[in-house]
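Residue-level structural notes
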Amino acid sequence: MATDPINQFQIHTLIPIEVGGVDFSFTNSALFMALTVAGASAFLILSSRGRGLVPTRWQSAAEMTYEFVAGTLRESAGSEGMKFFPFVFSLFIFILFANLLGMFPYFFTVTSHIIVTAAMSMAVILTVLFYGLWLHKLHFFKLFVPSGVPVVLLPFITMIEILSFISRPISLSIRLFANMLAGHITLKVFAGFVVMLSSFGFVGILGAILPLAAAVALTALEFLVAALQAYVFAILTCLYLNDALHPGH
Amino acid sequence: MATQSHEPTPFAPGEGGTLVEQPAEHKVFPPFDSTTFASQLLWFAITFVLLYYVMSKIALPRIAGILEDRRDRIASDLDLAERLKQDSKAALAGYEKSLAEARIRANAIAEGARDGAKQAAAAKRAATEANLANKLAAAEKRIGEIKSKALADVGEIASETAESVIRALVDSDLGKTEIADAVASVMAK
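The rules behind each value
- Residues numbered from 1 in each chain as written.
- Chains lettered and ligands numbered in written order.
- Predicted model: local features only at pLDDT ≥ 70, side-chain atom pairs only at ≥ 80, totals over all residues.
- Heavy atoms only, no water.
- Helix = DSSP H or I, 4+ residues; strand = E, 2+ residues; numbered from the N terminus.
- Buried < 20%, exposed > 50% of the residue type's maximum accessible area, 1.4 Å probe, protein only.
- Contact = heavy atoms within 4.5 Å.
- Areas by Shrake-Rupley, 256 points an atom, 1.4 Å probe, with all protein chains shown as cover.
- Lys, Arg positive; Asp, Glu negative; His and termini not counted.
- Charge placed at Lys NZ, Arg CZ, Asp CG, Glu CD.
- Patch = residues over 30% accessible without salt bridge, like charges linked within 9 Å, V, L, I, M, F, W, Y side chains within 5 Å.
- Salt bridge = Lys/Arg side-chain N within 4 Å of Asp/Glu carboxyl O.
- Buried area = accessible area lost by both parts, 1.4 Å probe.
- Polar contact = N/O pair within 3.5 Å; in protein donor to acceptor, adjacent residues only side chain to side chain.
- Nonpolar A, V, L, I, M, F, W, Y, C, P; charged D, E, K, R; others polar.
- Expected span 1.5 Å × (residues − 1).
- Bend = angle between axes of the 7 residues up to and from the residue.
- Core = buried A, V, L, I, M, F, W, Y, C linked by side-chain atoms within 4.5 Å.
- Phe/Tyr/Trp six-rings, centres within 6.5 Å; stacked < 30°, edge-to-face > 60°.
- Axes fitted to C-alpha atoms, helices over the stretch in contact; angles between N-to-C directions.
- Parallel < 35°, antiparallel > 145°, perpendicular 65-115°, else oblique.
- Left-handed = near helix turned anticlockwise from the far one by under 90°.
- pLDDT = per-residue confidence, 0-100.

Turning to the overall build of chain B, a few remarks are in order. On a plain count of helices and strands, chain B comes out with two helices and zero strands. When burial is assessed residue by residue, chain B has 16% of its 189 residues classed as buried. Across chain B, every contact between residues at least 6 apart in sequence was considered, and the portion connecting residues at least 24 apart equals 31%. As displayed, chain B has an accessible area near 14,100 Å², and 62% of this comes from carbon and sulfur atoms.

Dropping the structure here:
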């Protein structure tokens, strides 16, 4: 049981809630979503409490996060894209905190469930779609018809563009989900090797050194992945929002 | 595991009300367990909207304000520094200008003083010269007077001398006027 690598993704009901036969229970996943939001809010609000002209260490970290996301968005979507800044920032900080919370042993990783990452990517794609249609009306569909393409190739290219647009929410959600899932499973498997081998006496303990080293290295890698996937999700969101703002390529 | 699972239990609960632990291969893979989707979606929506609200209404405007304040402060400090630099430049220029003016004025004063002294000296010399010339003229005048007076007296002395000489020699009684005429005619030659 302790070494079952899938067990960490199990969802348990903490407070059962059922509405119209649908289970809306407050689960460990919901608890960690709430912790993520609380942690992110506490980080940004408490650190900026002093409003220091010369920032403290925490305030500096919050400012750096702010300027990092703002810079990414402005670079890829221009200054018009800044109206989506709270949305992109919320996504980034939510994923970052959810991923980092998941690094604690026995903690649940919210982003390791595809339904959560799918919800986030659908929120992004629907924002792109509706905002693009509202802003450019039918001109939004120019997104699928790149200019300067020979007429013979146009139907083919348009089909590819539409396919790539449809695959965006899928790749966006699966990338994050799969990274978190695979990383946590791998960590658990290597850690399980250590426990298993070390129960076989002296030789087993010697043999456990390698998987232990791997588990340590993987932990470092997972911290990198946790931050990197939040960044990747945010920058792809910025690029897709750019399509909504400037569909003519 | 004491907490309940969402998937349908393939095994009956064990004795004593405790759930029998299910082997992993009989479970639905948790991320694909669709019975948990509704709950996850609902709570994700609630928490994410809450996060969005907190970020967009409190945290981000505050940090933006801090950054803006700092930018403004730096800009105004730079402005102040620039202004002070300009001020000091202006002060330096004013100082140099007044220095140059003072130098020019000093030159003018020195020039004036030199000219004045020169003029005074010239005037003094002229006065002295004029004085000397006056005195010279007066002296010459007096010499002339004395000379003319002496010359005038010469005729009288000559006629008296001639009269006495004649009287002593010839004992004649020549008139005084004749002798004077004779002397005058001699002197006129």
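Read on for the rest.
This part covers the overall build of chain A. Counting secondary structure elements, chain A contains six helices and four strands. Ordered by position from the N terminus, the helices and strands of chain A form the series β-β-β-β-α-α-α-α-α-α. When its C-alpha atoms are laid out on the principal axes, chain A stretches across 70 × 55 × 45 Å. Sequence-distant contacts in chain A: of pairs separated by 6 or more residues, those separated by 24 or more amount to 66%. Between the mean site of the 10 positive side-chain charges and the mean site of the 10 negative ones, chain A shows a separation of 8 Å.

Another point: the side chain of Gln229 of chain A. All names here are of chain A. Looking at the secondary structure, you find Gln229 in helix α6 (residues 201-245). On the basis of relative accessible area, Gln229 is assigned to the buried category, the value being 8%. Each residue touching Gln229, except ones within four places of it in the same chain, is listed here: Asn99, Arg175, Leu176 and Asn179.

Glancing now at a nonpolar patch on the surface. Where nonpolar side chains cluster on the molecular surface, the patch consists of Leu14, Ile15, Ile17, Val19, Leu31 and Leu35 of chain A and spans about 460 Å² of accessible area. Its place among the elements puts Val19 of chain A in strand β2 (residues 18-19).

It is worth spelling out the interface of chain A and chain B at this point. Taken together, the 53 residues of chain A in the interface contact 41 residues of chain B. Buried surface at the junction of chain A and chain B, both sides included, amounts to about 4,300 Å², of which 74% is carbon and sulfur. Counting across the interface, chain A meets chain B through one salt bridge. Residues Arg70 of chain B and Glu63 of chain A are paired through a salt bridge, measuring 2.8 Å at the closest nitrogen-oxygen approach. At the junction of chain A and chain B, the tally comes to ten residue pairs in polar contact (both at pLDDT 80 or more). For the side of chain A that touches chain B, the elements supplying multiple residues, two or more each, are β3 (22-23), β4 (26-27), α1 (28-47), α2 (57-77), α3 (85-102), α4 (114-136) and α5 (154-198) of chain A. Across the side of chain A that touches chain B, the residue classes break down as 33 nonpolar, 14 polar and six charged.

Given a rise of 1.5 Å per residue, 45 residues ought to cover 66 Å, and the 64 Å separating the end C-alpha atoms of α6 of chain A matches this to within 8%. Considering bend angle alone, the principal kink of α6 of chain A is centred on Ile209 of chain A and spans about 30°; proline Pro211 of chain A follows within four residues of it.

What follows covers the nonpolar core. Of all hydrophobic cores here, the largest spans 65 residues; its most connected members are Leu44, Phe89, Phe94 and Met120 of chain A together with Met55 of chain B. If you tally residues by element for this core, the top one is α3 of chain A, at twelve residues. Setting aside residues up to four positions removed in sequence, Phe89 of chain A forms contacts with Leu44, Thr65, Tyr66 and Val69 of chain A together with Met55 and Leu60 of chain B.

On to the packing of aromatic side chains. Residues and elements named next belong to chain A. Enumeration according to the criterion identifies 23 aromatic pairs over all chains in this entry. Residues Phe104 and Phe107 carry aromatic rings whose centres are separated by 5.1 Å and whose planes lie at 40° to one another, so their mutual orientation is tilted. On the basis of relative accessibility, which here comes to 33%, the residue Phe107 falls in the partly exposed class.

This next bit is on the environment of Leu197 of chain A. All names here are of chain A. Checked against the element boundaries, Leu197 lands in helix α5. The spacing of Leu197 and Gly207 is ten residues in sequence and 6.7 Å in space, taken between C-alpha atoms. The residues contacting Leu197, other than those within four sequence positions of it, are Gly204, Ile205, Gly207, Ala208 and Pro211.

The interhelical angle for the contact between α2 of chain A and helix α1 (residues 37-170) of chain B, taken along N-to-C directions, is 100°, at an axis separation of 10 Å. As the angle between them shows, α2 of chain A and α1 of chain B are arranged roughly perpendicular. On α1 of chain B, the residues touching Gln59, Ala62, Glu63, Tyr66 and Glu67 of chain A of α2 of chain A are Leu60, Ile63, Ala64, Ile66, Leu67 and Arg70 of chain B. Of the residues contributing to the contact of α2 of chain A with α1 of chain B, the split by class is seven nonpolar, one polar and three charged.

Let us look at the packing of α4 of chain A against α5 of chain A. All names here are of chain A. For the pair α4 and α5, interaxial distance at closest approach is 8 Å and the crossing angle is 145°. Handedness of the crossing formed by α4 with α5: right-handed. Contacts between α4 and α5 involve Ile114, Thr117, Ala118, Met120, Ser121, Met122, Val124, Ile125, Val128 and Leu129 from the former and Phe165, Arg168, Pro169, Leu172, Ser173, Ile174, Leu176 and Phe177 from the latter. Taken together, the residues of the contact of α4 with α5 sort by class into 14 nonpolar, three polar and one charged.

Residues other than glycine seldom take positive phi values, yet Arg51 of chain A does so here, at roughly 50°. Tracing the sequence through the fold places Arg51 of chain A in the loop between α1 and α2.

Where side chains of opposite charge bring their charged atoms close, a pairing between them can arise. Residue and element names in this part refer to chain B. For the coordinates displayed, the defined rule picks out four salt bridges over all chains. Close ionic contact of Arg114 with Glu111 constitutes a salt bridge, the shortest N to O distance being 3.6 Å. Of this pair, Arg114 and Glu111 both sit in helix α1, three residues apart, roughly one helical turn. You can call Arg114 partly exposed: its relative accessible area is 48%.

A separate point is the confidence of the model for chain B. Residues and elements named next belong to chain B. For chain B, the mean per-residue pLDDT works out to 83, and 84% of the residues sit at or above 70. Note that pLDDT drops below 50 for residues 1-25; the model gives that stretch 33 contacts with residues more than four away or on any other chain. Across the predicted assembly, pTM comes out at 0.72 and ipTM at 0.89.

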